[in-house]
Amino acid sequence: MKKALKIALGAAAAVCAVVFAVRIEPLEEHLAAEMAAKFKPEEVADWHWEHDRARLQDEALGIGELLSGLKADPQAFCDAHARVLGIGSGSFFVVKGTLEGFTSDGEYLSGDCEGSLVRIPVKYIFGNLARDASGWFNLDDFQNTMAFNEISSYLNSRILSDVIPSEIPQGGSCDFCGAVEVKPAEAIPASFRVIPYLLEFHD
Amino acid sequence: MKLKSVFISVLCVLTALTGCRQDGGGSKGRVAVVISTLNNPWFVVLGESAAQYARELGYEAVLFDSQNNPSKEAEHFDNILSSGYKAILFNPTDADGSTVNAKAAMAKGVPVFCMDREINEPGAAVTQILSDNYSGCIALGEYFVETVGREANYVEILGLVGDNNTWARSRGFHSVVDCFEGLHMLAQQNADFDQNKAMEVMETMMQANPDIQAVFCGNDAMAMGASQAILAAGKSGRIKVFGFDGSDDAVGAVRDGRLAATAMQFPKTMARTAAQFADRYLSGEHDLPRKIPVAVELVNPENVSHFGNFGRRD
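(A) Structural detail: the overall build of chain A. When helices and strands are tallied, chain A shows 7 helices and 7 strands. Its helices and strands in sequence order give chain A the pattern α-α-α-β-α-α-β-β-β-α-α-β-β-β, from N to C terminus. Per-residue burial over chain A gives 42% buried out of 203 residues. For chain A, long-range pairs separated by at least 24 residues make up 69% of all intrachain contacts whose partners lie at least 6 apart in sequence.

As structure tokens, then:
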């Protein structure tokens, strides 16, 4: 009797060991978890930064083109040319131009471009503008909004390290390509704040 | 025996009648609106708006209060899934903990549409309609630096630690203020989005740190609690209070100077979008975006007249 009990207990223990050693989950869930684990937002951002940044210049609007489009019909112009994110967001554009005779106060480069004042931050870069205007990222590809927002922090840090020179040259001109936000329902801004993807200084 | 049968019959009729009144009498089926808590006016607006929009689209709508309790939420889901609801408009209690409820509903063919609060598994809901908390708090952070200055001591009161909104707001705010070395955070503590808890937390923080110039709160209820504590301590006007939500009392407090600023989320927009998406899905349109951010706007003394009633006046 005792022997039978021992065998039964041993068998039960063996079954338990096998059952708890194996975890069964739907294939779809497993693949999704694997994809999420492989997905590295910074690597995706790096890839776009290296491969697509120069291409932004080709699609960029001139500041004058942006201004005349907004003056003509802001909503229609934004619908045709801007990127938006969800409901109620501003309209995001990629713009380019040249600042002639710019000045720098340590935080902003400022200068005239095709009749508009353009201000380019060179010390503090916050927010999602660089991410959202680029069109490189889709919120649906991210595990959650925190991961999506981390892209912005990372892109902003790359702009500060890769685009903004440690010493801003004095005088001359500066070619820029960057991101700008416009709210079509509001008045045309007196100046444009541009987050730079590319800056090129000339004597 | 006869008496018992009559009693049961009467009970059945009463139950049926009560059910009809509660559900609003729509013809397309029932939709459940599950809200994390109805102990906060902002969530009451979210829940009631979602139910109202669902009714306008022809559904019967029933509102469930999870009382910020994941177990209560799970109970609601059990009831909903055994009661033939067509869809769930869902404001979760916890980004991770609520996932299992949403997945259970989806697995049973009941589509889930999240409102305001996120769950961490994208496939566990058809669509998540979420405030862009991070961007909103960047705007608040910039305004904080502008009004408090670049050298000051401040404290932060966080919401629920298990909620993604808590961290999205905190990180958005810190992505700005942490750039300024002269801004020192003396303390950071959670008060679970609760006004009374925030009042107690603020009292404790002020006792431990007499030199506070500002407090950043993860929602308006906590900002109002902090404001009460500041008033009771006789420090009104010396500590700037920043909230987030755009609730009516907070907008009023910005107007009369008790709050420095808040950020307007748009609960009615989120509720309407969730109800419309549920309707589209139930009508056979299954190719819907998984996440939709809804922009948040800074509310400060300069623009406060444009806001009220949980949205823009104009």
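After that view, the rundown keeps rolling.
(B) Broad picture of the interface of chain A and chain B. Of the residues lining the interface, 22 residues belong to chain A; the matching set on chain B comes to 28 residues. Around 2100 Å² of area is buried between chain A and chain B when both sides are counted, 55% of it from carbon and sulfur atoms. Our count for the chain A to chain B interface comes out at 2 salt bridges. Between E150(A) and R171(B) there is a salt bridge whose closest N-O contact spans 3.8 Å. Scanning the region where chain A abuts chain B turns up 11 residue pairs in polar contact (both at pLDDT 80 or more). In terms of residue count, the dominant contributor to the side of chain A that touches chain B is helix α7 (residues 145-163) of chain A (5 residues). Among the residues making up the side of chain A that touches chain B, the classes are represented as 7 nonpolar, 10 polar and 5 charged.

(C) Spatial organisation of the environment of G135(A). Residue and element names in this part refer to chain A. Note on placement: G135 falls in the loop between α6 (129-134) and α7. The partly exposed category is assigned to G135, whose relative accessible area is 42%. Remark: the alpha-carbon pair of G135 and F93, spanning 42 residues in sequence, is separated by 9.7 Å.

(D) Layout of the side chain of R158(A). Residue and element names in this part refer to chain A. Tracing the backbone through its elements, the reader meets R158 in helix α7. For R158, a relative accessible area of 15% corresponds to the buried category. Reaching out from R158, the side chain makes a polar contact with the side chain of D46 at a distance of 2.8 Å. When neighbours within four sequence positions are excluded, R158 is seen to be in contact with D46, W49, E50 and V163.

(E) Local environment of the sheet that holds strand β1 (residues 30-35) of chain B. Residues and elements named next belong to chain B. Taken together, the 6 strands give an open sheet; going across it, the order is β2-β1-β3-β4-β5-β11, and neighbouring strands pair in parallel fashion. The two strands at the open ends of the sheet, each matched to only one other strand, are β2 (60-65) and β11 (291-294). Neighbour-to-neighbour, the strand axes of this sheet turn through a mean angle of 15°, independent of strand direction. Both strand β4 (residues 112-115) and strand β5 (residues 127-131) contribute to a ladder of 3 bridges, which runs parallel. Bridge pairing in β5 places F113 opposite T127.

Reading guide: rules and limits
Each residue is numbered by its place in its chain's sequence as written, counting from 1. For naming, the first written chain is A and the first written ligand is 1, with later ones following in the order written. Only residues with pLDDT of 70 or above have their local features reported here, since the model is predicted, and side-chain atom pairs are shown and tallied only from 80 upward, although totals for entire chains, interfaces and linings are computed over all residues. Hydrogen atoms and water are omitted, and side-chain values are computed over all heavy atoms in the structure. Each helix is a run of DSSP H or I of at least 4 residues and each strand a run of E of at least 2, with the numbering of both proceeding from the N terminus. Each residue gets one of three labels from its accessible area relative to the maximum for its type: buried under 20%, exposed over 50%, partly exposed in between, using a 1.4 Å probe on protein chains only. By definition in these notes, contact holds between two residues if any of their heavy atoms fall within 4.5 Å. Note on definitions: buried area is the accessible-area loss of two parts on being combined, 1.4 Å probe, summed for both. We define a salt bridge as a side-chain nitrogen of Lys or Arg found within 4 Å of a carboxyl oxygen belonging to Asp or Glu. Whenever two N or O atoms come within 3.5 Å, that pair is a polar contact, provided that in protein one can donate a hydrogen and the other can accept it, and provided that, for residues adjacent in sequence, both atoms are side-chain atoms. Residues are sorted three ways: Asp, Glu, Lys and Arg are charged, Ala, Val, Leu, Ile, Met, Phe, Trp, Tyr, Cys and Pro are nonpolar, and all the rest, Gly among them, are polar. At least two bridges found by DSSP between two strands is the condition for calling them paired. Lines fitted to C-alpha atoms define the axes, with helix axes restricted to the stretch in contact, and inter-axis angles between N-to-C directions lie between 0 and 180 degrees.

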